[in-house]
Amino acid sequence: MLCFNSFAVVLALGGGPGASTLEVAIYQSLKYDFNPSEALFLAWTQLFLAGSIYLLLSRLGRFQWLAPSQSHRDRWLPQQPRWMVGFGRLSYLFAWLYLTLPILVLFPMALKADLLLLLNTGILSILLRSLMLAVAASFLALLLGLSILSLWADLRHSRWHHVIAGIALYPLVVPTMVLSVGLYILMMPYWDWYQWGWIAIVVMNAVVVLPFVFKQLHPQVINFHQQYGRLQADLNHDRLTCWRKIYLPYLKPVLLQVLAMSFVLALGDMSIFAIFGNDDWRTLPWLIYTLAGSYRIAEAALVSLLLLLFAFLALRWLEK
Amino acid sequence: MSVKWQDTLIIDQLCIQRGQLQWQHDFILKAGQLMVLMGESGSGKTSLLECLGGFLPAQSGRILYGKQSIEQLPPQKRPVSSLFQQHNLFEHLSIAQNLRLGFQRGQPNQVQWRSVIQACQQLGVDHLIERFPSELSGGQRQRVALIRTVLRDQPVLLLDEPFSALDEETRVTAGDWVKEQIDKRGQAALLVSHQQTDSERWADQLIKL
């Protein structure tokens, strides 16, 4: 599903109609050709295809979407023959190279960057804007996730639990581009997207990471209620005291992890910005895209490293 | 000094059902009295405490504290303080934080906190209050939870096997302390136990189920 919706990769690397995808076609029909009806048709097609894939996969198996890792609970290591261990290590090495080479290659390229040109792009304000949007989106995602789970915990009937889980998880089935285009066209007559697009960027980024937030927090919330539900009822504290002194300290480790991941995902967003943003107030990924598009590869490499640095710092700071 | 309660707990034809099993209870417990509930596993001791605490609905009958009928109230609104068989302490909070949560907004006043510290000293857990529950033994955890349950401002205590993890000497100390507290504060306490000596030493009333 994630590959199917990989807007940024195709936009950056694809060229011409031969190497395009539905998402890029939606973007182009809305922002370049300004043809909302074509964009809507393509969006419905994308929704139909993504929905079918999701239905098919969820019917075929009990795959847990974005579920938190269970590995820490199971430290059992099987005995393997020597060749198997060697083969495993080699696979890890290749996987590692596959993931790190595109990053490592940025370093020599970034050294050739023209700093003056970068400063002229207004990179500092772009960086600040990107950080603010990502911080706002990740906090909003957390707030939405916690509110939905709070509602989930208050309702006893399992039928309602399914409905609420459905609300939290539906951005997984409905691609980001489809949601964005729908919202864009729906609100177009009433809303000045040029001026207020940043609100949609924050909200949509929060909505997009909501399934991840929900899936990560969900087991913790269930555990809490199973383990401490009676004790909490017996102690009879007001809601504020419960949240401040009991619930938030309990959720804090997972909240920080979720916050870090949401921040990184929002910081790297391309597809939502493509719909609601504009060139007057770019974000870091969009700056990278425009620099690369005008063959300023060295500068694009340096900005990419900057983006990586902030993503890395956020993960280190919040997950330590 | 906290107020001394004077009301009586009245259990009037209280009918409790769990699966196929059904029990009916009738008793009166005065302020400052301790009732010991004994019986084999599955005889309904915990079910009675759960029903009084509001976690298991009664089939029929009444639970009165003073003049107030409480059987329809949710657990949060009942004038009871419960010690469960397990999960009495929040594992992610220190012992001191767990103890503070026994009081309004988790902020005991000076007098209340002094009484908590005195109780910790009396029951031999005062040196543990900065630790976390996972660093304590079963008996130490039980004593900490007992202190919070008893010292809360609630007139009815429901103690489900509060001494099960304690050695004989500590058991006597803890039991004497509970008896002294409910006598001083006028609480009505129900205590589940499997030990005959508990009822001989502390019970004002004994129910064998």
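All of these numbers come straight from a predicted model, not from anything done at the bench. (Residues numbered from 1 in each chain as written. Chains lettered and ligands numbered in written order. Predicted model: local features only at pLDDT ≥ 70, side-chain atom pairs only at ≥ 80, totals over all residues.)

Asks: Where do I start with the overall build of chain A in this structure?
Replies: Counting its regular elements, chain A contains 14 helices and zero strands. Written out in order from the N terminus, the α and β elements of chain A read α-α-α-α-α-α-α-α-α-α-α-α-α-α. Counting only residues that meet the buried cut, chain A has 32% of its 320 residues in that class. (Helix = DSSP H or I, 4+ residues; strand = E, 2+ residues; numbered from the N terminus. Buried ≥ 20, exposed ≤ 12 C-beta atoms within 10 Å, placed from the backbone.)

Asks: What am I meant to see in the pairing of strand S4 (residues 60-65) of chain B here?
Replies: Every other side chain in a regular strand lies on the same face of the sheet, so the side chains alternate between the two faces. All names here are of chain B. Pairing geometry for strand S1 (residues 9-18) and S4, over five bridges, is antiparallel. Residue pairing across strands places Leu9 opposite Tyr65, the latter belonging to S4. Looking at chain direction, S4 and strand S5 (residues 68-69) are connected through two bridges and run antiparallel. Looking at S5, one finds that Leu64 is bridged to Ser69. (Pairing = 2+ DSSP bridges.)

Asks: So what exactly am I meant to see when it comes to unusual backbone geometry here?
Replies: A negative phi holds for most residues other than glycine; trans holds for most peptide bonds. Residue and element names in this part refer to chain B. The backbone of His87 sits at a positive phi, close to 55 degrees, despite the residue not being glycine. Tracing the sequence through the fold places His87 in the loop between strand S6 (80-83) and helix H2 (95-100). Phi is positive for Arg105, close to 55 degrees, though the residue is something other than glycine. Secondary-structure assignment places Arg105 in the loop between H2 and helix H3 (110-122). Taking the number of C-beta atoms within 10 Å as the measure of exposure, Arg105 has 13 and is therefore partly exposed.

Asks: It is not clear to me how the environment of A:Pro108 should be interpreted in this structure. Could you clarify?
Replies: Here A:Pro108 lies in helix H5 (residues 106-110). Considering only alpha carbons, one finds A:Pro108 and A:Phe7, 101 residues apart in sequence, at a separation of 27 Å.

Asks: What exactly am I supposed to notice about the sheet that holds strand S7 (residues 156-160) of chain B here?
Replies: Residues and elements named next belong to chain B. Strand order in the open sheet made by the five strands is S6-S7-S8-S3-S9, with parallel pairing throughout. With one partner strand each, in any of the chains shown, S6 and strand S9 (205-208) form the two edges of the open sheet. If you compare each strand with its neighbour and ignore which way they point, the axes differ by 15 degrees on average. Pairing of strand S3 (residues 34-38) with strand S8 (residues 188-192) involves four bridges; the strand directions are parallel. From the neighbouring strand, Leu34 faces S8, where its bridge partner is Ala189. Against the sheet, helix H1 (residues 45-53) contacts S3, S6, S7 and S8, and its axis sits at roughly 150 degrees relative to S7. (Axes fitted to C-alpha atoms, helices over the stretch in contact; angles between N-to-C directions. Contact = placed C-beta atoms within 7 Å.)

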